[in-house]
Each structure stands twice: as C-alpha cells, then as structure tokens.
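Chain residues, written in single-letter form:
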Amino acid sequence: MSTQPHPDVKVVVFYVGTSLLTPLRKAEREICERGFKLVAVVYNGGLAWSNSEWQKAENDLSTADIVLIMHLTDSDNCQRLMGGLDRFKHRHHAVVVFNCLADLMRKTRIGRLDFNKLINSVGFSGQSASKMSSALRLSYRLATWMSDFMSRRYRSKGKDSSQPIGGGFRSYHKLIGRLPKILKFIPNISKLRDIKNYLVLYCYFLQPTPKNICSMLLHIIKHYVPGYSSLAATDPPEIRPTTGIYHPAAPQLFENFETYQIWYEKAKKQALIPERTIGLLLMRPQIVSEAHGHYDELIETIEAEGLGVIAAISTFMDNRQACRAFFLDGSIKDRTSSKNSVKDLKSRVSQIVSLTGFSFVGGPVMNDSEAAIEFLKGMNVPFRSIVSLDLQTIENWKESRIGLNPVQTAMQVAIPELDGATESRLYGGVRQKNRQPEALPDRCSLIARRLSRWNRLQITKRHDLRLALLVFCFPPNKGNLGTAADLDVFPSLMGILQSLKSDGYNVHVPENSDLLRKLVLEGNSQQWGTVANVHYQMSVDEYRKLCPYVAEIEQEWGRAPGKIDVFNNEIMILGEALGNVFIGVQPTFGYEGDPMRLLAEKGGTPHHGFMALYSYLEKVYRADVIVHVGTHGAAEFMPGKQAGLSSQCWPDRLIGEMPHLYLYSVNNPSEGTIAKRRTSAELISYLTPPIDNAGLYKELAMMKELLNAYRKSTRESEKAHLFAAIEDQARELHLS
C-alpha cells in the first residue's frame, strides 16, 4: 500500500536580531530529515527594507503556508507587513505573531482563534479581561501586554525600585514563568484547542532552544497545515532559567552567584575580585538558542587580560533584575538603610558592559532613561554598551563609509547613550553567508585592553598614574594656540592641576596660569623654531618603529618625517611635563588653507607630526589616560566611519587603548557626540561663560547718538549739521 507523499511546507519568518537564525536552520534540516520538505525563508524585520527587498518578501508571503512574526516594533515595516498579510490571507494556514506592536498582534490567526476578533470583542462589549475564562484571558494578555507597556510608559515606584507601576514587565515576566504549568489545566477541546495551541507555541518561543524551535514548527504544521495531522505529538517545551550566569567553559547555567563563584575560582584558578571583575549583560535568547559564539570569544579575550567575568543573562526588558541578582552583594550593606537601596549594596564588578544593544530599562520597546540613570548612579560603576551587528551584515559594515547604518546607530548607540552608556564599539555580527553570530577578533581585543586600562585607573595609586592633557591649535593660523570655545584654557588647567595635586597625583603646579602658559607655549620654542615648547624629539627610525601606519601616511604626506613640527629631520613633540602630568600641544590639521578638507577625504590621513604625538603618548610616555581640554581638537574629525569604527579608521588608531576624557562645552552636543562615538570619549561638560551687553565706549557711544539723531531728524538744515558732526567723529575714530 503506497503512502501519499506530504506536500512541501513553506514557512516565512519575520524577526529582529540574530538569536533565532541558528535554531531555525537546525530545525529546517531536522524536519527535512523526517521525510518531508520544509522551506524556511527568514527576514530581519529590524532593517529598513528597500522597495526591492519588500517586493521579495511580499512574493514569499504570497506563497507561504505559515507566517511567523516576532519582536517587530518598527512601525513602517509593520504597516507593510499588515498589508501583505491582508492581501494573501486566503493563502496562509496560520499566522502566528509574538511580542509585536498591537496592530500587528491582531493579525494572529490559527484555526478558530483570531486575535483581531478577540481584542475587538473585549473593546466593544466592555468586558473586563479578568472576567474571561482563564485560557482566553491569557491569550488576551499576551496579545496586548507590549502595547500596554509602551502606551503607559511605566515609571519606577520609588528610588532604585525595579518594579514598574502596575506590575508592567515584572507582571508579564511572572506570567511567562507560570505558563507551562497553567497549560496542563486548559482542556484541549472545542475552541479552547486553538487558544491552548497558541499558548503552547508561545512557550516554545520563550525558550528558543534548537529543539523547541523545531517542536514549534512541527506543532503548527501538525495542527494547521492540511495533510499533516498524523504527525507524532511534539515534546513539551524545554525549560531554561529566566536569568542566570553564563560562561562558555561551564557545563550549565548558574542560577546564583555563589555557585558560579565556586565553579569559576576552581575552573579558572582566579578569584572574582570586584576591583578586577567585569560584569557583562547578555541577551537570553542568544544563550538559549546556542547563538553565542561572539559572546564566547569576547569573554575569553577579556579574561586573557587578567580580568574576571560575570556574564549575566538579562531579562527581555529590564537589566536591573540581573544586576541586582549577580552584580550586587546583598550580604554587605548598612543595616540602617532601606533594604531596597542599591547604594547600600557592595558591587561585585568594577564595570558593567551591556551586550544587549537595547535600553537598560525598556529593552527594544521603550527607553526609561530616568530609571536607568537612577539605578546606575546607585551602583556607581562605569556603564558601557558595545555593539553587535543585528541590523546589518559584517560585509555591509566593512564596505560602508558611515559604518553602522542609521537604524543600528539609533537603536544600539544613541538610545543606550541616554542611559549614560559609553564605549559604543563594535565586537561582532553576522556574515552574509553565515547565520551564526561571530566575534571580530581585533575589535574584541581592543575592547578588552581598554577595559583593562580603565580598570587600572581604579586600582592604581594616584601618585603612580601618568596623565596627558592636550590643548589645541584649531582653527589653525588664527592665533588660537592654547584656546578653546567658551573656555579660558590655562586658568582652567591651573585649577585641574591644583585639584590633582590635592588628590594625591604626582604633579608640579606652577605659581600661576601665566607662568603655565609660558612653560607650554614658549619655553624653548625659539631655540627650535616651533610654536610651543619642545618636550621630546622623535627620530624617523623611532617613529617607524612605534607607528605601523607610516607607509599609509606617506602616500598622503610624503616621506617621514614630513614638514610639520619637524627640525633636523626629527619630529618635535610639543608640550611640557609637570611631574606625572604632561601638557601637550596637538598639532594643526595640516591643511592650513582648508582645515575641513580632511573630513571629506575618503583616503586621507593625519600628517606625520599628528600621528607621532599620539604614538608617543601611548607607547613612550605610556599615558594612563588622555584628556582633551576644551572644544575642540581634531582627532575626532580624522577620516573613518561615523560610528562603529574599524581598525582602518584614524580616530581609532590615534586613541588606541588609552582611556579618553574630553572637556566639552555643554552647548555643543552635536560635535560632542562625534567625539564620544569616534574616539570613545567620556565627556565632561563645562558651562558657557555668562554673556552681557558690553556696550560702547565714549566716542563710539557719541557716534551712535549722532547717527540715531540723523535718522530721526526731519529738517534738512539739522540733518546737514548732524552729517558734518558725524564726518568729524568718524575721522576721529579712524572710521573714514
């Protein structure tokens, strides 16, 4: 007796992120091995689709048996998708939507369950969700929780609380934790069958292991694609911890810090000393779905720098829960303080680095920066947010002159900046032909070294730290040496030096700012024919040894040492050392007649003298931190990508692994943002000086009165008299 062959099944998936790709491809292969063909077509709903890309997606929608949509919150893509779902509604056996905008959630349709009808029936009847049957109520809550969360914009109840008003995400979080147990009590009969099936699919979705994603697809096919009802029942969902600590060398996740600490110190032969431990925030779906190769390499690279790591799996919407559980020691606190205050708890980490790419509080749905800042200020450790390419490929990023695309920059750089995040460097992504996220080794190495250097600032005695403060000559040839916008530079430097001295740094403080100015800008300058004091003379051989980019610079500026800040074939490093504090002078741009030209040059480079200064600071002087003083210098405007810089970008090459502070005028956030993103600067704002009407001195004031009288006069004889007086006054003031 011959068996009827199963028809092919086409599943079209729209998602945001990279965590689902690996389990989807594994599921596709496994299902095909069972004897029927499954074709899974995947689209990243976080990208800005071009017309041709949308046309391709629409063609796939027109031939899809099943449509799966997850985590879409981009309104433009949602609108396009809703139109396509309506046009090809007759073709789809099932449309399953999880955690998307409310209007898109309404498109969920499996069997007799139609979310649009469900939500409308509640709205039209005025029926409270609490009066529905338990199964219907669950479906309704899952259909509307995200839109409720976005529209209400939950705020924290009290200081340092991680509980949103009305429950918010915490309520949803508890719901999904109880869901597998609740399913046992929902009957699989009549119209409840489709509701239960949706909840089963949701359980698989929440735990996106390769096995669960395979079971999710098989469950939909068995129940809703004609000809497959004879398939064997799928296994119950595998359950993974909601939060925990991950390590690539560990056999399992750790649900508490104490267990992880015992394993770590035994396996890694290294104690988790808070002052030398980095806290990482990871996306749970990446871990559960086994798409964590980029995490693994970054963790191992950080550990290779001698740092400990606590890699906490974060919840979907709020990182505070993971920070409280794993980065704070609740056993050490002031007993007289509120038990909920973050300030009372000792931190187990010296820095927090978010790898989630989303808001600290709010995830991909919203940004509650006030709650994030309040919590992070309580922890009082630096907060970084680094980038994985979820919305573009590695190839696209490499080829792009701007680096991160606008959507990626907005979501993974700009929004975390609202929480106070810095160091928006790239560490990994997905290649065009490989759906598994991977690390970018050179970027991971630089991030690890920078984290180590930031840590050194925390643990080294202040007397032993070496600081480099740079003043500018920008714009060039305008008498601007040692100046900055809205800042009196040398009096400000005097204040900084005095504060450093009182805080225990090894610094020699001149008697006054005028003497400081002479030491830096005059000194031995006449002897060398330079614009400032010569602190160090770098030979061409030393320059070539220190700087690996000399050949590239020579293509633009000719053979080293070039012509700028050069004497007797040596490059002059300008500035003055005052103990362990070096006050240096950043060279000019090099294009004196057109200083902005370099910004538009695709293949431009800084000149030899400019590169030599930063090579000296990093490799000869060995600065522990570099501080650019005032608005603004030129390093952040050197050629390279706008955001998500590569090792080919000159701002990245100039700053290297040196921690970077930048004193920047508060009234120039746009260019300050450039400095932050292109040179990993930590901005320290200063206020603009107060401005008042300066008025006119006596002779000009008299001229003003004469002119006003002339304008108002209507008699010709009087005007002639006034005109003569104006001419006399103009000659006296040398205006004629």
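Residues numbered from 1 in each chain as written. Predicted model: local features only at pLDDT ≥ 70, side-chain atom pairs only at ≥ 80, totals over all residues. Heavy atoms only, no water.

> So, empty space enclosed by the protein: which residues are in play, and what are the values?
Counted according to the given criterion, the structure contains five cavities of 30 Å³ or more. By volume, the second largest cavity is sized at about 50 Å³. S385, Q412, V413, P416, E417, A421, T422, E423, S424 and K676 are the residues that line the second largest cavity. When residues of the lining of the second largest cavity are assigned to their parent elements, the largest contribution, four residues, is made by helix α16 (residues 406–418). Residues that form the lining of the second largest cavity fall into these classes: three nonpolar, four polar and three charged. (1 Å grid on protein atoms, 1.4 Å probe; cavity = no way out; pocket = protein on both sides within 12 Å on 5 of 7 lines; lining within 4 Å. Points joined across faces, edges and corners; volume = space filled by probe spheres on them. Helix = DSSP H or I, 4+ residues; strand = E, 2+ residues; numbered from the N terminus. Nonpolar A, V, L, I, M, F, W, Y, C, P; charged D, E, K, R; others polar.)

> Describe the packing of helix α27 (residues 698–712) against helix α28 (residues 716–732), naming the residues involved and giving the relevant values.
The contact between α27 and α28 brings their axes to 10 Å, and the two run at 155°. With respect to α28, the element α27 is oriented roughly antiparallel. Crossing angle aside, the handedness with which α27 passes α28 is left-handed. Of the residues in α28, those touching α27 at E699, M702, M703, L706, L707, A709 and Y710 are K719, L722, F723, A725, I726, Q729 and A730. Here the residues of the contact of α27 with α28 are counted per class, giving eleven nonpolar, one polar and two charged. (Axes fitted to C-alpha atoms, helices over the stretch in contact; angles between N-to-C directions. Parallel < 35°, antiparallel > 145°, perpendicular 65-115°, else oblique. Left-handed = near helix turned anticlockwise from the far one by under 90°. Contact = heavy atoms within 4.5 Å.)

> Explain the nonpolar core to me, and be specific about the residues and the numbers.
Formed by 65 residues in total, the largest nonpolar core has its most connected members in F14, L68, I69, L104 and Y198. Ranked by the residues each element gives to this core, the list is headed by helix α8 (residues 192–206), at nine residues. The residues contacting F14, other than those within four sequence positions of it, are Y43, W49, A57, L61, V67, L68, I69, M70, L72 and L81. In this structure, L470, M538, L617 and F637 belong to the second largest nonpolar core, which totals 32 residues. (Core = buried A, V, L, I, M, F, W, Y, C linked by side-chain atoms within 4.5 Å. Buried < 20%, exposed > 50% of the residue type's maximum accessible area, 1.4 Å probe, protein only.)

> Provide a residue-level description of the side chain of E303, including the pertinent values.
Tracing the chain through its elements places E303 in helix α12 (residues 293–304). Of the residues examined, E303 reaches a relative accessible area of 11% and is grouped as buried. Side chain to side chain, E303 and H247 meet in a polar contact 2.8 Å long. Among the polar contacts made by the side chain of E303, one reaches the side chain of K268 at a distance of 3.3 Å. Every residue in contact with E303, bar those within four places of it in the chain, is listed here: H247, Y264, K268 and V309. (Polar contact = N/O pair within 3.5 Å; in protein donor to acceptor, adjacent residues only side chain to side chain.)

Any link to function would need more than the numbers given here.
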